[in-house]
Amino acid sequence: MSNTNSHGTPIEGAVALVTGGNRGFGRAMVRELLDRGAAKVYATSRSPQTLQHARIVPLVLDVADDRSVAAAARAADDVSIVVNNAGVLLRTPVLEAPLDDIRAELETNLFGIIRVARAFAPALGRHPRSAMVNVLSVLSWLTFGGGYEISKAAAWSATNSLRVRLREQGTTVTALHVAYMDTDMAANVTAAKTNPSDVARQAADAIIAGAFEILVDDTTRAVKSRLSGDLTALYPQLAA
Ligand SMILES: NC(=O)c1ccc[n+]([C@@H]2O[C@H](COP(=O)([O-])OP(=O)(O)OC[C@H]3O[C@@H](n4cnc5c(N)ncnc54)[C@H](OP(=O)(O)O)[C@@H]3O)[C@@H](O)[C@H]2O)c1
């Protein structure tokens, strides 16, 4: 199966929305969409923001809240590109963390994507070509033992479901898998981190090309390639 289709979505002149567009990768994605000529970008945040750019429309959106998502979908009913970027990492070891904390990660990282997809599918479907990019992780395929990885693995499956369903209406759903990006979320990480602007460039290229998947870095590509092998390739501790 090809990893692209013939349904690339133009960015030039398009209206886009980025969840969590106030900081981190979301902010870089907003800038990239503007650089590629988007007519308008809704940059959403959980608290009201003032953004000084003629083509940015700030919008309050909490993806963990049904009513907030519904209100945002009413306000931004002209989008042909949606970037599901909002995410949380709460450090929740699977055997010890309060289940409520793991649920909170699922609420944003999994159900947030599903909520936004449901609410914005009608707007996307009004355009002949439209795009949804879901920001996932290399941790959709590899775990260090926390709820975050559970949420990103589930979000990967949800992305595949959405991709199949939304294809009928001409919406291409793209999964973005990345190891570390240099944002607040990875502030304590000392390993190599990709500049979020470089990731945003890859995401914009994928939207235009109609790519189903973006494997941002070598780590992500290596982990994905090992999924068909023995589990001990990903988890050497199991071989001991
Ligand atoms: N950084 C990495 O190394 C890395 C690696 C792989 C994947 N990712 C993924 O990349 C995406 C962006 O993360 P980042 O690195 O840019 O992290 P970040 O700097 O911590 O930013 C997270 C963004 O998500 C927003 N957000 C969190 N919960 C939300 C909610 N319920 N509703 C709406 N917005 C919400 C935050 O808004 P507030 O400002 O209101 O908190 C913020 O804009 C996430 O999905 C993350 O899981 C990150």
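Residues numbered from 1 in each chain as written. Predicted model: local features only at pLDDT ≥ 70, side-chain atom pairs only at ≥ 80, totals over all residues. Heavy atoms only, no water.

**Details of the side chain of T174**
When you line up the elements, T174 lands in strand β6 (residues 171–177). On the basis of relative accessible area, T174 is assigned to the buried category, the value being 2%. (Helix = DSSP H or I, 4+ residues; strand = E, 2+ residues; numbered from the N terminus. Buried < 20%, exposed > 50% of the residue type's maximum accessible area, 1.4 Å probe, protein only.)

**A closer look at the pairing of strand β1 (residues 15–18)**
What you see with β1 is no split at all: V15 and L17 on one side and A16 and V18 on the other are buried throughout. Viewed along the sheet, the connection from β1 through helix α1 (residues 24–35) into strand β2 (residues 40–45) turns out right-handed. Note: β1 against strand β4 (residues 81–84), three bridges, orientation parallel. Paired with L17 across the strands is V82, a residue of β4. (Right-handed = clockwise from strand over helix to strand, strands pointing away. Pairing = 2+ DSSP bridges.)

**What to know about the site of the ligand**
The ligand sits among 28 residues. The nearest are N22, R23, R46, Y148 and T183. At 2.6 Å from an oxygen atom of the ligand is found a side-chain nitrogen or oxygen belonging to R46. V63 is positioned such that a nitrogen or oxygen atom in its backbone is 2.9 Å from a nitrogen atom of the ligand. If the ligand stood free it would expose 900 Å²; the protein chains cover 94% of that surface. Sorting the residues of the shell around the ligand by element identifies α1 and α5 (147–167) as the ones contributing at least two each. Per-class residue counts for the shell around the ligand are 15 nonpolar, eight polar and five charged. (Near = heavy atom within 4 Å. Polar contact = N/O pair within 3.5 Å; in protein donor to acceptor, adjacent residues only side chain to side chain. Areas by Shrake-Rupley, 256 points an atom, 1.4 Å probe, with all protein chains shown as cover. Nonpolar A, V, L, I, M, F, W, Y, C, P; charged D, E, K, R; others polar.)

**Things to note about the sheet that holds β6**
In any sheet, the strands associate via hydrogen bonds between backbone groups, in a parallel or an antiparallel arrangement. Reading across from one edge, β3-β2-β1-β4-β5-β6-β7 is the order of the seven strands in this open sheet, with parallel pairing throughout. The open sheet has two free edges, formed respectively by β3 (56–60) and β7 (213–215), since each of these has just one partner strand. Sheet twist, expressed as the average angle between the axes of neighbouring strands with direction ignored, equals 15°. Most of the contacts of α1 go to β1, to which it runs at about 170°, and overall it touches β1, β2, β3, β4, β5 (130–135) and β6. Docked against the sheet, helix α6 (residues 196–209) engages β4, β5, β6 and β7, running at close to 155° with respect to β7. (Axes fitted to C-alpha atoms, helices over the stretch in contact; angles between N-to-C directions. Contact = heavy atoms within 4.5 Å.)

**What to know about a nonpolar patch on the surface**
A surface patch of nonpolar side chains, about 320 Å² in accessible area, is lined by V94, L95 and I150. If you trace the backbone, L95 turns up in the loop between β4 and α3 (99–109). The exposure class of L95 is exposed, given its relative accessible area of 79%. (Patch = residues over 30% accessible without salt bridge, like charges linked within 9 Å, V, L, I, M, F, W, Y side chains within 5 Å. Salt bridge = Lys/Arg side-chain N within 4 Å of Asp/Glu carboxyl O.)

**Here we look at the pattern of salt bridges**
Oppositely charged side chains can pair when the atoms bearing their charge come close. For the structure shown, the criterion picks out 11 salt bridges. Residue R36 pairs with E32 through a salt bridge whose shortest N-O separation is 2.7 Å. On the basis of relative accessibility, which here comes to 23%, the residue R36 falls in the partly exposed class. With a shortest N-O distance of 2.6 Å, R115 and D66 are connected by a salt bridge. You can see R115 sitting in helix α4 (residues 111–125) and its partner D66 sitting in helix α2 (residues 66–75), a full 49 residues away along the chain. Of the residues examined, R115 reaches a relative accessible area of 16% and is grouped as buried.

**Overview of the packing of aromatic side chains**
In the structure shown here, the tally under the stated rule is one aromatic pair. Plain terms: the ring middles of W141 and W156 are 5.6 Å apart, the flat faces sit at 90° to each other, and that makes the pair edge-to-face. Of this pair, W141 sits in the loop between β5 and α5 while W156 sits in helix α5; the two residues are 15 residues apart in sequence, bridging distant segments of the chain. You can call W141 buried: its relative accessible area is 6%. When its relative accessible area of 27% is taken as the criterion, W156 is described as partly exposed. (Phe/Tyr/Trp six-rings, centres within 6.5 Å; stacked < 30°, edge-to-face > 60°.)

**Describing the packing of α2 against α4**
Helix-helix packing: each pair is described by the crossing angle between the helix axes and the interaxial distance. Where α2 meets α4, the axes come as close as 9 Å, and the angle between the chain directions of the two elements is 35°. In the packing of α2 onto α4, the handedness of the crossing is right-handed. Along the contact surface, α2 presents D66, V69, A72 and A73, while α4 presents R115, V116, A119 and F120. The class makeup of the residues in the contact of α2 with α4 is six nonpolar, no polar and two charged. (Left-handed = near helix turned anticlockwise from the far one by under 90°.)

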